[in-house]
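# Analysis of the macromolecular model
So you can see what is in the structure, the chains are spelled out below.
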Amino acid sequence: QVTLVESGGGLVQPGGSLRLSCAASGFIFSTYRMRWYRQAPGKARELVANIDSTGGSTNYGDSVKGRFTISRDNAKNMVYLQMNSLKPEDTAVYYCNALQYITGPYYVDYWGQGTQVTVSS
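What you see is a predicted model, and the numbers here were worked out from it, not measured in a lab.

### What to know about the packing of aromatic side chains
All chains considered together, the criterion is met by seven aromatic pairs. Arranged with centres 6.3 Å apart and planes meeting at 50°, the rings of F27 and F29 form a pair that is tilted. Note on accessibility: F27 and F29 belong to one class, buried. On the basis of an interplanar angle of 50° and a centroid distance of 4.9 Å, the ring pair of Y37 and W111 is categorised as tilted. Of this pair, Y37 sits in strand β4 (residues 33-39) while W111 is found in strand β10 (residues 106-111), placing the two residues 74 residues apart along the sequence. Residue class for W111 comes out partly exposed when judged on its relative accessible area of 35%. Aromatic rings pair up to connect F27, F29, Y32 and Y110 into one cluster. Over the aromatic face of W111 sits the side chain of R45, whose NZ or CZ is 4.6 Å from the ring centroid. Above the ring of F29, the side-chain terminus of R72 is found at 4.4 Å from the ring centroid.

Quick look at the structure:
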C-alpha cells in the first residue's frame, strides 16, 4: 500500500520558518522524483518545488525561490521542505507528490493528504 504522510504544518508569524516532512512507503522511493504542491482557498494547486530521484537537481516556483529549499533522504524515504521568510500569501494546504514517468507521456503519481500552513500575525 502506497502512503505519503505530510507533517510539520502549523501557524507561524510572517517572517518565520517551518519545515515540512513527507514520509513515503509502499513504492521504490529512490526512483521517483518528489514534489511539493500547495493549494490556497479558491486557487488552483501550485507546484512549489521539485527534486529529482537522486536529489541532485531541484526546481522552485517563482514565488518561493530563495526562501524555500526541498531536500530528500533516500535512505529514510523522506522528503522535506524548509520554508523561510514566510509570508501570508504562503498560507495554503501543502501536498507531497511522488512522480515517475513510465514511457512517453504516461506516468504514475501518488499524493499525500496535505498539511495546513497558516502564516499570520
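### As for the pairing of strand β11 (residues 115-119)
The two faces of β11 differ: T115, V117 and V119 on one face are buried, but Q116 and T118 on the other face are not. Bridge count between strand β2 (residues 10-12) and β11: three bridges; the pairing is parallel. Residue pairing in the sheet places G10 in a bridge with V117 of β11. Pairing of strand β9 (residues 92-103) with β11 involves three bridges; the strand directions are antiparallel. Within β11, the residue paired with A92 across the bridge is V117.

Conventions and cut-offs
- Residues numbered from 1 in each chain as written.
- Predicted model: local features only at pLDDT ≥ 70, side-chain atom pairs only at ≥ 80, totals over all residues.
- Heavy atoms only, no water.
- Phe/Tyr/Trp six-rings, centres within 6.5 Å; stacked < 30°, edge-to-face > 60°.
- Buried < 20%, exposed > 50% of the residue type's maximum accessible area, 1.4 Å probe, protein only.
- Helix = DSSP H or I, 4+ residues; strand = E, 2+ residues; numbered from the N terminus.
- Lys NZ or Arg CZ within 6 Å of the ring centre and 35° of its normal.
- Pairing = 2+ DSSP bridges.

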